[in-house]
Amino acid sequence: MNTSDSEEDSYNERSALVQSESPTIPSYNQDHDMSLPQETDSKRRRPVSSGLDEPGPVERERASTPDGEEEELTLKYGAKHVIMLFIPVTLCMVVVVATIKSVSFYTEKSSQRLIYTPFEEDPNSVGQRLLNSFLNTIVMISVIVVMTIILVVLYKYRCYKFIHGWLILSSLMLLFWFSFMYLGEVFKTYNVAMDYPTLVMIIWNFGVVGMICIHWKGPLRLQQAYLIVISALMALIFIKYLPEWSAWVILGAISIYDLIAVLCPKGPLRMLVETAQERNEPIFPALIYSSAMVWMVGMADSSNPGSADERQRNEGRARAQEGVESEDDAAQGGRRRYSAEEDLEEDRGVKLGLGDFIFYSVLVGKAAATGGDWNTTLACFVAILIGLCLTLLLLAIFKKALPALPISITFGLVFYFSTDNLVRPFMDSLAAHQYYI
Amino acid sequence: MTLAVFFGCAFIAFGPSFALFVFTIAKDPLRVIILIAGAFFWLLSLLLSSLVWFIAIKASNSQDLTLQRGLLIFGVFFSVLLQEVFRFAYYRLLRKATEGLAAISDDDGSAISVRQMAYVAGLGFGIMSGAFSMINILSDSLGPGTVGIFGDSQYYFITAALMTLALTLLHTFWGVVFFEGCEKSRWWVIAAVVSLHLLVAGLSLLNPLYEGSLPPVYVITLATGVWAFFSSGGSLHSLSALCTLCGFESRASRTMTEVPLSKTPNPQPLPGRRSMWLPTAPGVCSRQES
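Each value, and the rule that gives it
- Note on numbering: residues in each chain are counted from 1, in written sequence order.
- In the order they appear in the text, chains get letters beginning with A and ligands get numbers beginning with 1.
- For a predicted model such as this one, the threshold for reporting local features is a pLDDT of at least 70, and the threshold for listing and counting side-chain atom pairs is 80 or more; totals across whole chains, interfaces and linings nevertheless cover every residue.
- Note: side-chain values were computed over all heavy atoms of the structure, leaving out hydrogens and water.
- Runs of H or I in DSSP of at least four residues are treated as helices and runs of E of at least two as strands, each being numbered from the N terminus.
- Summary of the burial criterion: residues with accessible area below 20% of their type's maximum are buried, those above 50% are exposed, and those between are partly exposed, where the area comes from a 1.4 Å probe applied to protein chains only.
- Computed by Shrake-Rupley with a 1.4 Å probe, the accessible areas treat only the displayed protein chains as cover when residues are assessed.
- UniProt positions are given in the numbering used here, feature names are shortened, and annotations may be inferred rather than shown by experiment.
- We define a salt bridge as a contact between a side-chain nitrogen of Lys or Arg and a carboxyl oxygen of Asp or Glu at a distance within 4 Å.
- Should any heavy atoms of two residues lie within 4.5 Å, those residues are counted as being in contact.
- Summed over both partners, buried area is the accessible surface (1.4 Å probe) that two parts give up on being assembled.
- Distance and chemistry together define a polar contact, namely a pair of N or O atoms within 3.5 Å, with one atom able to donate a hydrogen and the other to accept it when in protein, and with adjacent residues in sequence counting only for side-chain atoms on both sides.
- Charged means Asp, Glu, Lys or Arg here, nonpolar means Ala, Val, Leu, Ile, Met, Phe, Trp, Tyr, Cys or Pro, and polar covers whatever is left, Gly included.
- Throughout, disulfides are identified as pairs of cysteine sulfur atoms within 2.5 Å of each other.
- Only the stretch in contact is used when a helix axis is fitted, and all axes are lines through C-alpha atoms; the angle between N-to-C directions ranges over 0 to 180 degrees.
- When describing relative orientation, an angle under 35 degrees is termed roughly parallel and one over 145 degrees roughly antiparallel, while 65 to 115 degrees is termed roughly perpendicular and anything else oblique.
- Working rule for handedness: look at the near helix, and if it is turned counterclockwise from the far one by less than a right angle, call the crossing left-handed; if clockwise, right-handed.
- What makes a nonpolar core is a set of buried Ala, Val, Leu, Ile, Met, Phe, Trp, Tyr and Cys residues whose side-chain atoms join them at distances within 4.5 Å.

## Some words on the overall build of chain B
For chain B, the helix and strand inventory stands at ten helices and zero strands. The buried share of chain B, taken over its 290 residues, is 51%. When the accessible surface of chain B is summed, it comes to about 13,200 Å², and 70% of that surface belongs to carbon and sulfur atoms.

Shown next, in the form of structure tokens:
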């Protein structure tokens, strides 16, 4: 199966860890322009850098509070947001691991390969295999780099319709075609008979609601759920179609690429972030998982100033999510700004790019797929969570765009290989004798 | 070898720790982070000890079974020592980060005290230790098979689950006691914890003579639990107050006297570990300096 370019591209832009933007308060915002967290139809596809954007809202808070509380406030959005990211990452990994362990389709090696990994891995010769996996990695990473650069160029020249169409196409494929495949395999595994009309109905509803939630308006939780599901589907595709050794080398290479692309001044992802910030444009929800529940219910209604004072605490607000406000509501954005001033304690969430979800899940899924050892899977899971925690800590300290992949993937890879080769024989011997440590 | 065995053993091994997690840890994000970091530290200690064992295995004659067994026993004891070293290292890390943790905790939640961190860290160690011991066994129990077909004990799964439960609880208690000992610089406490852990590991070497390993381990678990209870400020009075109604208000009002370490030099003793998780009535949460 040759996967289309669109979904290949869509995942690489999804590597990002971004502090969500709250409505900007221009009076406080001295240093830079925080993009309004409005999502517009035309600017949907903001290529997300692997990074955490500057927390302008946090800086604003600092300006408005006494000095002694500065440090406290800047770090105050720490623990809760770590958990708000732990939960979706865990859910995505759980879905992937559960599928890998139960549906054998995703662990069967097929002769088909992605066009991005053209070199076949020959299991007989170690040197050849290693060489081919490196070559595959080079091909894959160059494809990603080229796509990202194309995207930067498109974005710079404001070809929003093109980007938008590309993004719609890729989500269409994920939501309809891949989920159809997934459902088919699940039915095969559990020997469930299903007629086509019912199937069409299910897939149609699932897909259409997904498209609406992700690209337009929808309840926040539903949007988050759909983003988790499409990340899991994407990760499963990678687990199936990437050859064994290539997958590990690609994981390592992409975290290095992530590091370079986000932190280097001329890195494509960094340029994208900066361009988007200059234009005050928000990040596309289709590429970013947002944990923020920022909006006040009364915001859309300018005739109701009282509701603007309402303290908006997070979950359960079926609000028009970020990706949704249309750009012509600039006035609405203005209203939003002022209502934001009144509620400085609104929840500023953190955003994590979908690419991060995908690659975390690929790592854990591959750990679950190779060998029947659950200890390895668990170790990789803990390692990735700790990496994410450290990355968020760094975000809280540095307050700039940070790549979310390197630390977690490094920990994950280290723990995978060491647990698989060192801990597994040890624990197996202990279990055989029933010794406990 | 059925679902019954699977669920039974899973609930035996992980039931209490899961309940502890749900009732005491899940609501507070900071505790969740400390729990996972504790699990990570245990994992690191296991990694290093497996590395040492692996090197020893590779350097030795793989045909000599007694030697292999001896190396495994050495691996067990070395791993125990390393786990305690990493527990101490985690204690140091948490102490260093106390102010930082106070800062990143939610504004509406209390900053975490060393006693709570001790409990959470211990539970993190326990959960990870239990998971690593038990999960592979659980997944094997789902599949077809006959237990002990080659002459081994038939009670493998249930004893594994019981042992895992004991170890999880022990790690929790040891965490509390250990951190308390480090706080008060009572080094005999640390030595006691280390030797208890070595004792428990040594008792497990008696398997499959389960009479020799399980009852003593449970006795040790109970004793350590009592020790942890009194070490973290519990008393017989608070136990009786637990059961009476008039104890409820005093318990609720005293729950929040656990002030963070950065604010006062002498934290109020908690009226028993149990009160940490008791839900306080809204409006009753107040910091009382007494």
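Resuming the write-up.
## Description of the UniProt feature "transmembrane region" (unreviewed entry) in chain B
All names here are of chain B. As recorded in UniProt, the feature "transmembrane region" (unreviewed entry) lies at residues 6-25, 32-55, 67-86, 117-135, 155-179, 186-206 and 226-248. Annotation note: span residues 6-25, helix share 100%, strand share 0%, distance between end C-alpha atoms 26 Å. Taken end to end, residues 155-179 is 96% helix and 0% strand, and its first and last C-alpha atoms sit 36 Å apart.

## Considering the pattern of salt bridges
Under the criterion given, the structure shown has nine salt bridges over all chains. Residue Lys-188 of chain A is joined to Glu-185 of chain A by a salt bridge in which the shortest nitrogen-to-oxygen separation is 3.1 Å. With Lys-188 of chain A and Glu-185 of chain A both in helix α6 (residues 160-190) and three residues apart, this pair spans about one turn of that helix. A salt bridge links Arg-424 of chain A to Asp-420 of chain A, with the shortest nitrogen-to-oxygen separation between them at 3.0 Å. On the criterion of helical spacing, the pair formed by Arg-424 of chain A and Asp-420 of chain A is a turn pair, its members being four residues apart in helix α15 (residues 405-433). On the accessibility criterion, Arg-424 of chain A (27% relative accessible area) is partly exposed. Asp-420 of chain A sits in the buried class, given a relative accessible area of 14%. One network of salt bridges, with partners in common, ties together Arg-115, Glu-180 and Lys-184 of chain B.

## Things to note about the interface of chain A and chain B
On the side of chain B, 50 residues touch chain A, which itself brings 41 residues to the contact. Roughly 3,900 Å² is buried in total at the junction of chain A and chain B, and carbon and sulfur atoms are behind 74% of that figure. Of all residues in chain A, Tyr-435, Tyr-436 and Ile-437 of chain A bury the most surface against chain B, accounting for 22% of the area lost on that side. For the pair chain A and chain B, the interface holds zero salt bridges. In this structure, the connection of chain A to chain B is made through eight residue pairs in polar contact (both at pLDDT 80 or more). Among the elements of the structure, α3 (70-76), α4 (79-102), α14 (374-398) and α15 of chain A are those that each provide at least two residues to the side of chain A that touches chain B. Tallying contributions element by element places α15 of chain A first for the side of chain A that touches chain B, with 16 residues. Here the residues of the side of chain A that touches chain B are counted per class, giving 26 nonpolar, nine polar and six charged.

## Focus: the state of the cysteines
Residues and elements named next belong to chain A. In total, this model carries zero disulfides over all chains according to the counting rule given. Here Cys-92 stays unpaired: no disulfide links it, and the sulfur of Cys-380, its closest cysteine neighbor, is 15 Å away. A relative accessible area of 0% means that Cys-92 is categorised as buried.

## A look at unusual backbone geometry
All names here are of chain A. Phi is positive for Arg-158, which is not a glycine, with a value near 60°. Examined against the element boundaries, Arg-158 turns out to sit in the loop between α5 (126-156) and α6. Residue classification places Arg-158 among the partly exposed residues on the basis of a relative accessible area of 48%.

## Considering the packing of helix α2 (residues 29-59) of chain B against helix α5 (residues 114-142) of chain B
All names here are of chain B. Running from N to C, α2 and α5 point in directions that differ by 50°, and their axes come no closer than 7 Å. The pairing of α2 with α5 is recorded here as oblique in orientation. Considering how the two elements wind past one another, α2 and α5 form a crossing that is right-handed. Touching Arg-31, Ile-34, Leu-35, Gly-38, Ala-39, Phe-41, Trp-42, Leu-43 and Leu-46 of α2 are Gln-116, Met-117, Val-120, Ala-121, Leu-123, Gly-124, Phe-125, Ile-127, Met-128, Ser-129 and Phe-132, all from α5. Split into classes, the residues belonging to the contact of α2 with α5 amount to 15 nonpolar, four polar and one charged.

## Let's talk about the nonpolar core
Taken as a class, soluble globular proteins show a tendency for nonpolar side chains to be buried jointly. Tyr-360 of chain A together with Phe-132 of chain B are the most contacted members of the largest nonpolar core, which totals 185 residues. When sequence neighbours within four positions are dropped, the list of residues in contact with Phe-132 of chain B reads Asn-375, Leu-378, Ala-379, Thr-419, Val-423 and Met-427 of chain A together with Trp-42, Leu-43 and Leu-46 of chain B.

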